[in-house]
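Listed here are the chains, written in short residue letters.
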Amino acid sequence: ADLRDRGRALAPFLEELHAQPDQRRISGTAVFMATSTDTVPRALITNLAHNEFLHERTLFVTVAGVDVPRVPPDERVEATDLGDGCWRIVIRTGFLDDTDVPAALARASRQGLDVDPATASYFLGRDVILPRSPHRIARWRQQLFAALHRNAGSSVDYFRLPPERVIEVGAQVVL
């Protein structure tokens, strides 16, 4: 993998999904944290490649910071039905707001999304940085970046995800 690898475009992925009515599905809800609203998270691509199934409800959740102190609760969550059990969820947070993904998913029920955040499976991408590439960046800087990345704060804590419901899907990224 490469740090510039932003993932696959969401629209063509959904078109392929709609064209495959025999796609294996299992019960439950899978929440994939996405950095962008228009790409498929790498954790989903990896999960599909290894397990060859989707959950009956697959949520693409993007947290978008807004340059205000607080976003009113009724404006915080936008849920869009993408068809075939797939939903795009955008959670807007101000710089003083907590980023509580399960609470936001519960709020999305007002927009037609029937999901129990306590029983959902939360998939997080976890990149392992490998400072091996012969590159213009000095080796010590690559190693420093890898160490800082390893010691960064936990996404589980930041998004207030229930730790027992989190599945981390890893990829190796060569600097």
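Each value, and the rule that gives it
- Residues numbered from 1 in each chain as written.
- Predicted model: local features only at pLDDT ≥ 70, side-chain atom pairs only at ≥ 80, totals over all residues.
- Heavy atoms only, no water.
- Pairing = 2+ DSSP bridges.
- Helix = DSSP H or I, 4+ residues; strand = E, 2+ residues; numbered from the N terminus.
- Buried < 20%, exposed > 50% of the residue type's maximum accessible area, 1.4 Å probe, protein only.
- Arc of directions from axis to C-beta.
- Salt bridge = Lys/Arg side-chain N within 4 Å of Asp/Glu carboxyl O.

Draft legend 1. Quick look at the pairing of strand β4 (residues 54-65). Sheet topology places strand β2 (residues 25-33) next to β4; seven bridges connect them, and they run parallel. Residue pairing across strands places I26 opposite H55, the latter belonging to β4. Here β4 runs beside strand β6 (residues 86-93); their pairing, made up of eight bridges, is parallel. In the strand pairing of β6, T58 is matched with C86.

Draft legend 2. Local environment of helix α2 (residues 42-51). Along α2, the residues that are buried comprise A43, L44, N47 and L48. All buried residues of α2 lie within an arc of 130° about the axis, which places them on one face of the element. What points out from α2, more than 90 degrees from its buried face, is the exposed set A49 and H50. With its phi angle positive at about 55°, E52 sits one or two positions after the end of α2.

Draft legend 3. Summary view of the pattern of salt bridges. Under the criterion given, the structure shown has six salt bridges. Close ionic contact of E16 with R8 constitutes a salt bridge, the shortest N to O distance being 2.5 Å. A salt bridge links D97 to R70, with the shortest nitrogen-to-oxygen separation between them at 3.5 Å. Taken together, the residues D97 in the loop between β6 and α3 (101-107) and R70 in the loop between β4 and β5 (77-83) connect sequence positions 27 residues apart. Using a relative accessible area of 10% as the deciding quantity, one classes D97 as buried. On the accessibility criterion, R70 (53% relative accessible area) is exposed. Through salt bridges with shared partners, one network takes in R70, R76 and D97.

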